[in-house]
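Residues per chain are reported as follows:
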Amino acid sequence: MARHFVIDCDTAEDDIMSLYMLLRNGVEVEGVTIVEGNIAYEQEVNNALWALEFVSGKVNKDIKVYPGSDRSLVKSFKTVENVHGKGGIGDEIVRPKKLRPEPKRAPQAILELADRYAGELEFLAISPLTNLALAYLMDKSIVEKVKKVWVMGGTIYGRGNITPVAEFNIWVDPDAAKLVFNAGFDITMVAWDLITNYVVEEDEWERIKAMDTEMAKFYVRIYKHYREFAMKHQKMRGNPHPDLITTAVALNREVIKRSERQYVDVENCDCLTRGMTVIDYLDLWGKEPKAEVVYGIDKDKFMDMLFHLLSWF
Ligand code: BDR
Ligand code: CA
């Protein structure tokens, strides 16, 4: 049976490859929604359209891009061009040649798609949760209609990337994240301090560089900046794949080695720990454990999926 996805992006390199991984694995991408986050909002929209143009001809469906929220619900945030480059794929600024965004806004599109695919729609949030929170505020029955929400966000052990304890996607809009985590959605959460254990190491990077496919060349082009940043400033031995690992988990449960159902809340105070995910790992609060927290990944299975993607064309 076909699976139906909405992919929500703050479109930088790893968001783009996540979209491609969905397409490469034959699921139905019913919409790409864009939310504030990594870089200037208009460039995030342009990146998504440009990325779709790169695979046009390989995908027999018109995939629509819906711009959504360009800011967080309550407080301001900062973009991270230092991490992903000015263009989100390094410093290169790209523009789509032909494709244009839809006039319909993302929260409305999400609600309509949830109606159309009630009980089947899966929401892949590799981004701040503002668009989904807005859709939920407009119509709370979306909780029953969306089958799964896959979230790249938060930390398990409080080791963050935007503050010492907070992960970027949740930190950008902790008010939206708090709404989403408490709404009752069936969430699977892939945390930042989990995925830092599964980076693309030197030998794997070299193997990709040696591949003679357009997709592998594209990958090297868009990840070079992020890889250098991660190795220089984030104590990593290669480039991480927060969004892509989340996508692999969504596509193939065998990528998960260990997970637990737990209650997860989000700290949205104006405080040192703003944007931190709080996981009740001992069930001390006795609240319904609605989120599945991923604690271990099968790196070989993930890399197989990455190489399958890179050999697409
Ligand atoms: C997440 O934040 C963004 O920088 C990436 O696209 C990813 O979704 C990692 O914290
Ligand atoms: Ca992202």
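Look up a bit, the structure's there.
What you see is a predicted model, and the numbers here were worked out from it, not measured in a lab.

S.K.: I'd like a rundown of the environment of Arg95, residues and numbers included.
M.R.: By the element assignment, Arg95 lies in the loop between helix 3 (81-84) and helix 4 (106-116). Residue Arg95 is classed as exposed on the basis of its relative accessible area of 59%. Residues Arg95 and Lys290, 195 residues apart in the sequence, show an inter-C-alpha distance of 40 Å. If sequence neighbours within four positions are ignored, Arg95 has contacts with Asn46 and Trp50.

S.K.: Kindly report on the sheet that holds strand 4 (residues 121-126), identifying the contributing residues and their values.
M.R.: Spatially, nine strands are ordered 3-2-1-4-5-6-9-7-8 in an open sheet, and the strand pairing comes out mixed. Of all strands in the sheet, those with a lone pairing partner are strand 3 (65-67) and strand 8 (277-280), marking the two edges. Between one strand axis and the next, the sheet turns through 30° on average, direction left out of account. Packing against the sheet, helix 12 (residues 242-251) makes contact with strand 1 (4-9), strand 4, strand 5 (146-152), strand 6 (187-190), strand 7 (256-266) and strand 9 (291-297), and its axis sits at approximately 150° to strand 5.

S.K.: Please set out helix 1 (residues 13-24) residue by residue, giving values where relevant.
M.R.: The terminal C-alpha atoms of helix 1, which comprises twelve residues, lie 16 Å apart, in line with the 16 Å expected from a rise of 1.5 Å per residue. Buried residues dominate helix 1, accounting for eleven of its twelve residues. Among the residues making up helix 1, those that are buried are Glu13, Asp14, Asp15, Ile16, Met17, Ser18, Leu19, Tyr20, Met21, Leu22 and Leu23. Immediately beyond the C-terminal end of helix 1, within one or two residues, lies Gly26, with a positive phi of roughly 75°.

S.K.: So what's going on with the coordination of the calcium ion (ligand 2)? Residues and values would help.
M.R.: Every protein donor of the calcium ion (ligand 2) is listed here as Asp10 (OD), Asp15 (OD), Asp15 (OD), Ile126 (O) and Asp243 (OD), and their distances to the metal cover 2.3 to 2.9 Å. Sequence spacing of the donors to the calcium ion (ligand 2): D-x4-D-x110-I-x116-D. Of the two residues, Asp10 sits in the loop between strand 1 and helix 1 while Ile126 sits in strand 4, which places them 116 residues apart along the sequence. Like Asp10, the residue Ile126 is buried in the burial classification.

S.K.: I'd like a rundown of the packing of helix 1 against helix 13 (residues 299-310), residues and numbers included.
M.R.: Where helix 1 meets helix 13, the axes come as close as 10 Å, and the angle between the chain directions of the two elements is 85°. In terms of their interaxial angle, helix 1 and helix 13 are classed as roughly perpendicular. Taking contact as the criterion, the partners of Met17, Tyr20, Met21 and Arg24 in helix 1 are, on helix 13, Met305, Leu306, His308, Leu309 and Leu310. Looking at the contact of helix 1 with helix 13 residue by residue, the class counts come to seven nonpolar, one polar and one charged.

S.K.: Describe the site of ligand 1, and please don't skip the residues or the numbers.
M.R.: Around ligand 1 lies a shell of 13 residues, among which Asn38, His84, Asn161, Glu167 and Asp243 are the nearest. Between Asp15 and ligand 1, the recorded distance is 3.3 Å, taken from a side-chain N or O atom to an oxygen atom. In isolation ligand 1 exposes 280 Å². Once the protein is present, 97% of that is buried. Elements represented by at least two residues in the shell around ligand 1 include exactly helix 7 (168-172) and helix 12. The residue makeup of the shell around ligand 1, split by class, is five nonpolar, four polar and four charged.

S.K.: A description of the state of the cysteines should follow, citing residues and the corresponding values.
M.R.: Summed over the entire model, instances satisfying the criterion amount to one disulfide. Here Cys269 pairs with Cys271 through a disulfide, and the sulfurs are 1.6 Å apart. In this structure, the disulfide formed by Cys269 and Cys271 twists by about 45° around the S-S bond and is classed as right-handed. A residue is classified by how much of its surface remains accessible, and Cys271, at 30% relative accessible area, is partly exposed.

S.K.: Residue-level account of the pattern of salt bridges, with values.
M.R.: Within the structure shown, the criterion is met by 21 salt bridges. Measuring nitrogen to oxygen at the nearest pair gives 2.6 Å for the salt bridge that ties Arg237 to Glu201. Of this pair, Arg237 sits in the loop between helix 11 (214-233) and helix 12 while Glu201 sits in the loop between helix 9 (192-195) and helix 10 (202-209), and the two are 36 residues apart along the sequence. Accessibility expressed as a relative area gives 24% for Glu201, which makes it partly exposed.

Reading the values: rules and limits
Residues numbered from 1 in each chain as written. Chains lettered and ligands numbered in written order. Predicted model: local features only at pLDDT ≥ 70, side-chain atom pairs only at ≥ 80, totals over all residues. Heavy atoms only, no water. Helix = DSSP H or I, 4+ residues; strand = E, 2+ residues; numbered from the N terminus. Buried < 20%, exposed > 50% of the residue type's maximum accessible area, 1.4 Å probe, protein only. Contact = heavy atoms within 4.5 Å. Pairing = 2+ DSSP bridges. Axes fitted to C-alpha atoms, helices over the stretch in contact; angles between N-to-C directions. Expected span 1.5 Å × (residues − 1). Donors = N, O, S within 2.8 Å, 3.2 Å for Na, K, Ca; no water. Parallel < 35°, antiparallel > 145°, perpendicular 65-115°, else oblique. Nonpolar A, V, L, I, M, F, W, Y, C, P; charged D, E, K, R; others polar. Near = heavy atom within 4 Å. Polar contact = N/O pair within 3.5 Å; in protein donor to acceptor, adjacent residues only side chain to side chain. Areas by Shrake-Rupley, 256 points an atom, 1.4 Å probe, with all protein chains shown as cover. Disulfide = S-S within 2.5 Å. Salt bridge = Lys/Arg side-chain N within 4 Å of Asp/Glu carboxyl O.

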